[in-house]
Amino acid sequence: MLKRFLPNEHVKSIYEIDPLTLREKGIKGIITDLDNTLVPWDVKEATPEVINWFKQMKDNGIKVTIISNNKEERVKMFSEPLGTPFVFSARKPLSRAFKTASRQMELKKEEIVVVGDQLLTDVLGGNSAGLYTILVVPIVQTDEKITQFNRKIERKIMNYFRKKGMIRWEE
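Residues numbered from 1 in each chain as written. Predicted model: local features only at pLDDT ≥ 70, side-chain atom pairs only at ≥ 80, totals over all residues. Heavy atoms only, no water.

Novice: Is there a simple way to think about the sheet that holds strand β1 (residues 9–11) in this case?
Specialist: Two pairing modes exist for strands in a sheet, parallel and antiparallel, and in both the strands are linked by backbone hydrogen bonds. With parallel pairing, six strands are arranged side by side in an open sheet as β1-β6-β5-β2-β3-β4. Looking at which strands have only one partner, the edges of the open sheet turn out to be β1 and β4 (86–87). Alignment of strand β2 (residues 29–32) against strand β5 (residues 112–116), held across four bridges, turns out to be parallel. Across the sheet, the residue bridging to I31 is V114, located in β5. Along the sheet, helix α4 (residues 96–105) contacts β2, β3 (63–67), β4 and β5; its crossing angle with β3, the most-contacted strand, is approximately 155°. (Pairing = 2+ DSSP bridges. Helix = DSSP H or I, 4+ residues; strand = E, 2+ residues; numbered from the N terminus. Contact = heavy atoms within 4.5 Å. Axes fitted to C-alpha atoms, helices over the stretch in contact; angles between N-to-C directions.)

Here you go:
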């Protein structure tokens, strides 16, 4: 059961995710979380660095879809200037939004990676949908109330994984 919380990969930030490496692995699409994955949770618009990352992915033929548990207004305001499809009120970790994004991208499961900063939503949801998952370090250490609660549970799960030798990275 706990293995559903185990990401396939861990990186410090989205900027360590290289489009050429993804293409070599047969990856053609990214489903990414928004808050604390792409920008801090209280930042409304994409930074120049995030805009450049999206451009790199597009230039290399990698589709990106944002899925977020946030309301439409928040996700739309961020995604539309990037010309990026999005799913709002995703209810992660339920796999419905991941499957919706996969269908919209017209890609197979093995051609998609899920990128996010939370085990309880992004990794669990991506793994449950049968997708490859990449956990990123949260951009900032502050969170909304519900996420603060999730982080406490995540620390316990991560400590268990470390004790069992299932992960080797540090936060």
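Moving on from the coordinates now.
Novice: What is the right way to read the nonpolar core from this model?
Specialist: Soluble globular proteins: nonpolar side chains tend toward being buried together. Formed by 24 residues in total, the largest nonpolar core has its most connected members in I30 and F78. Looking at this core, the elements with two or more residues in it are α2 (48–59), β3, α3 (72–79), β5 and β6 (132–136). Top contributing element to this core by residue count: α2, with four residues. What F78 contacts, discounting residues up to four positions off in sequence, is L34, L38, V39, K44, E45, A46, V50 and I66. Core analysis: the second largest hydrophobic core is formed by 13 residues, I67, A90, A129 and L131 among them. (Core = buried A, V, L, I, M, F, W, Y, C linked by side-chain atoms within 4.5 Å. Buried < 20%, exposed > 50% of the residue type's maximum accessible area, 1.4 Å probe, protein only.)

Novice: Which parts of the structure should I look at to understand α3?
Specialist: The α-helix winds at 3.6 residues per turn, so residues separated by three or four positions along the chain end up facing the same way. All of the buried residues in α3 are R74, V75, F78 and S79. Relative to the axis of α3, the buried residues are bounded by an arc of 110° and lie together on one face. Buried-residue contacts for α3 involve α2, β3 and β4. (Arc of directions from axis to C-beta.)

Novice: Got a minute to help me understand the environment of I66 in this structure?
Specialist: If you trace the backbone, I66 turns up in strand β3. Measuring from C-alpha to C-alpha, the distance between I66 and E9 comes to 19 Å, with 57 residues separating the pair along the chain. Sequence-distant contacts of I66, defined by excluding residues within four places in its chain, comprise T32, L34, L38, F54, V75, F78, S79, T84, P85, F86 and V87.

Novice: For this particular structure, what's the right way to read the pattern of salt bridges?
Specialist: Two side chains bearing opposite charge may form a pair once their charged atoms approach each other closely. The tally for this structure, following the rule as stated, stands at six salt bridges. Measuring nitrogen to oxygen at the nearest pair gives 2.8 Å for the salt bridge that ties K92 to D33. Placement of the pair is K92 in the loop between β4 and α4 and D33 in the loop between β2 and α2, with a sequence separation of 59 residues. Residue class for K92 comes out buried when judged on its relative accessible area of 7%. On the accessibility criterion, D33 (7% relative accessible area) is buried. A salt bridge links D122 to K92, with the nearest nitrogen and oxygen atoms 2.7 Å apart. Residue D122 is found in helix α5 (residues 119–128), and its partner K92 is found in the loop between β4 and α4; the two are separated by 30 residues along the sequence. (Salt bridge = Lys/Arg side-chain N within 4 Å of Asp/Glu carboxyl O.)

Novice: What exactly am I supposed to notice about α5 here?
Specialist: The element α5 is largely enclosed, with a buried count of nine among its 10 residues. What α5 keeps buried is the set L119, L120, T121, D122, V123, L124, G125, G126 and N127. Once α5 ends, the next one or two residues include G130, with phi positive near 80°.

Novice: Where do I start with the pairing of β2 in this structure?
Specialist: On a regular strand, each side chain points to the face opposite its neighbour's, so the side chains alternate between the two faces of the sheet. Side chains of β2 alternate between two faces, with G29 and I31 and I30 and T32 buried alike. Regarding the hand of the β-α-β motif, the stretch spanning β2, α2 and β3 is right-handed. (Right-handed = clockwise from strand over helix to strand, strands pointing away.)

Function cannot be read off these values alone, since they describe shape.
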